[in-house]
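Spelled out, the chains give:
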Amino acid sequence: MAKQNIELIVNGDRYTVAVDPWRTLAEVLREELNLTGTKVGCNQGDCGACTVIMDGRSVSSCLTLAVEAHQRQITTIEGLAPSRTQLHPIQEAFVEAQAVQCGFCTSGMIMSAKNLLDHNPHPTEEEIRAGLSGNLCRCTGYVKIVEAIDLAAKKLDPAGAKEA
Amino acid sequence: MSLAHFEVHQPTSLAQALDLLSAHRADARVLCGGTDLVPKLKAGVIAIGHLISLKRVPELDHVSFSPDQGLVIGGAARLSDVAEAPGVAENYPGLAHACSVMATTQIRHMGTVAGNIANAAPSGDTAAPLLVHDAVINVVGPGGRRSIPLADFFAGPGASVLDSLEIIETITAPAPQKPCGSQYLRLSARSLVDIAAVGVAALIALDGAGRVNRCRLAMAAVAPTPRRCPEAEALLEGKTPDAGLIAAAAQALSAASCPIDDVRSSAAYRQQMVGVLARRALEHSLKLAQGGAQ
Ligand SMILES: Cc1cc2nc3c(=O)[nH]c(=O)nc-3n(C[C@H](O)[C@H](O)[C@H](O)COP(=O)(O)OP(=O)(O)OC[C@H]3O[C@@H](n4cnc5c(N)ncnc54)[C@H](O)[C@@H]3O)c2cc1C
Ligand code: FES
Ligand code: FES
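Residues numbered from 1 in each chain as written. Chains lettered and ligands numbered in written order. Predicted model: local features only at pLDDT ≥ 70, side-chain atom pairs only at ≥ 80, totals over all residues.

1. Quick word on the domain arrangement of chain B
All names here are of chain B. What counts here: Domain limits in this description derive from either an automatic procedure or a database domain assignment. Here the contact rule is simple: place C-beta atoms from the backbone, and any two residues whose C-beta atoms are within 7 Å are in contact. For helices the rule is a DSSP run of H or I covering at least 4 residues; for strands it is a run of E covering at least 2, with both sets numbered from the N terminus onward.
Domain annotation for chain B reports domain 1 (7-53), domain 2 (58-173) and domain 3 (180-289). For domain 1 versus domain 2, the distance between C-alpha centres works out to 19 Å. Each partner contributes residues to the interface: domain 1 has 12 residues there, and domain 2 has 15 residues. Sort the elements by how many residues they give to the side of domain 1 that touches domain 2 and helix α1 (residues 14-24) lands first, with five residues.

2. Regarding helix α5 (residues 93-101) of chain B
All names here are of chain B. Threshold: Our exposure labels follow a C-beta count within 10 Å of each residue's own C-beta, placed from the backbone: buried means 20 or more other C-beta atoms, exposed means 12 or fewer, and partly exposed covers the counts in between.
In terms of residue burial, α5 counts as a mostly covered element, since seven of its nine residues are buried. Along α5, the residues that are buried comprise Pro93, Gly94, Leu95, Ala96, Ala98, Cys99 and Val101. Those residues of α5 hidden inside the fold are in contact with α3 (79-84), α4 (88-91), α6 (105-110), α8 (127-131), β11 (180-187) and β12 (198-206). In the segment just after α5, Ala103 is the residue with positive phi, at about 55°.

3. What about the site of ligand 1?
Test applied: We call a residue near a molecule or strand if the C-beta atom, set from the backbone, is within 6 Å of it. Each residue gets one label: Ala, Val, Leu, Ile, Met, Phe, Trp, Tyr, Cys and Pro are nonpolar, Asp, Glu, Lys and Arg are charged, and the others, such as Gly, are polar.
As a matter of local geometry, ligand 1 sits amid 33 residues, with Gly45(A), Gly33(B), Gly111(B), Gly115(B) and Asn116(B) nearest to it. Those residues lying near ligand 1 are distributed over chains A and B. Take the shell around ligand 1: its biggest share by element is five residues, from helix α7 (residues 113-119) of chain B. Tallied by class, residues from the shell around ligand 1 come to 16 nonpolar, 13 polar and four charged. Here the shell around ligand 1 gathers at least three residues from each of two domains, domain 1 (7-53) and domain 2 (58-173) of chain B.

4. Some thoughts on the sheet that holds strand β6 (residues 136-141) of chain B
Residues and elements named next belong to chain B. Applicable threshold: One requirement defines pairing of two strands: DSSP has to find at least two bridges between them. Here an axis means a line fitted to C-alpha atoms, over the contact stretch when the element is a helix, while the angle between two N-to-C directions is reported on a 0 to 180 degree scale.
Reading across from one edge, β4-β5-β10-β6-β7 is the order of the five strands in this open sheet, with antiparallel pairing throughout. The two strands at the open ends of the sheet, each matched to only one other strand, are β4 (63-66) and β7 (144-149). Pairs of neighbouring strands in the sheet enclose a mean axial angle of 20°, with direction left out of account. By the bridge criterion, four bridges tie strand β5 (residues 70-74) to strand β10 (residues 167-173) in an arrangement that is antiparallel. Following the sheet pairing, Leu71 is matched in β10 by Ala173.

As structure tokens, this is what we get:
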């Protein structure tokens, strides 16, 4: 069976790649585009390590076929930092709140946090927990991740912070 | 866990999608969000040569509610789209609840209501709330269109009356006749993310004298298919509702369930919880219908 030529728009860059139709977006991001920040944990939709944002919504790239992502807007963890020497406010918050241990879940956690804050800039703790319910972390116990996202919300919109 | 080999077709019209399905017949399968299908392809449970994706078919990508047309869910509408669409939470609160708590945020952004129904899992979360609203599955195939009441759609675990050359074009439900209340309750070990161990939906509509003129009860994950229970519904219809009648209907639903023991729960616990959830959902639906608490 022939490979299909597709155009992937990742973090604003356009890539033309020939992919086998059965390859997942996670595989193509990692193995063809060398964007290895996106992790593959369970490879079946449960853990959230592979979360990327496609056309403005978080999706599991391990269940998305790469050919289905043709000409869609994709943001991965590599696309968040504004420059090589600066971090995105959500990334800063994860560092400051010490929300990273082994780091394997972190890319997916941050992409889910971005999805949450893009749609709900001032989430309550309960909303943060619900927003992360598709992401598993086997190290931190989640408390510091929840704190990091609360901190990130304040960094992103210091004026709009709601009373807790 | 690499995928077996297949081709992916991405038609941009319903007519093209139907032609592709007919051209590849037994070797083709409709792909929507892929959240049921892709894990099965990875596990090697099914082998298929051609996937016909519906994600670029604009005719299928819509959700709407109006008092005249009721609810119309396109065959490629995502779970998150349905949860957020205007009018859904107000008129079909059980469905909105199912579409906002089942699976994970990521999966709800990908998966569709049509895929959930076509997949025909006994535990499918959108089935019970759609059953209590008398939903209809409208399909299109090489022979034309037909409409199947959801109550007649499921044929067994993972099986339905849908032909492999047919596509679900819309799922529709009439606007609820007011005053009316409804609810879907589900139990699972983690409350989010994991598949339901028990799901119960209820609907109560009242007449001008406060009598029940329509009652619906449906259950999921406790029988080979999601299903309604007319015997339990009949206990309330035509009556002035009270705690005793609600308890009797809840008991009848529990008695009609036939759950199994599995990793998610034991059969005995499930059967008992059907009664508990049914009572709570009926009480809540009645309150809503009487204009009471949320
Ligand atoms: C991590 C995870 C958690 C999940 N949790 C839940 C849960 O809590 N509750 C629950 O109910 N489900 C759950 N699911 C299952 C799944 O996400 C849902 O059933 C979803 O709604 C399936 O929709 P889809 O569009 O992804 O279907 P697909 O995988 O694309 O398709 C499923 C089946 O439906 C057929 N199909 C799809 N669309 C059509 C159409 N328009 N016409 C005809 N046939 C069609 C396909 O051919 C296939 O056989 C979960 C899945 C994952 C991976
Ligand atoms: S790797 Fe995709 S959800 Fe776990
Ligand atoms: S930090 Fe190790 S899995 Fe989350």
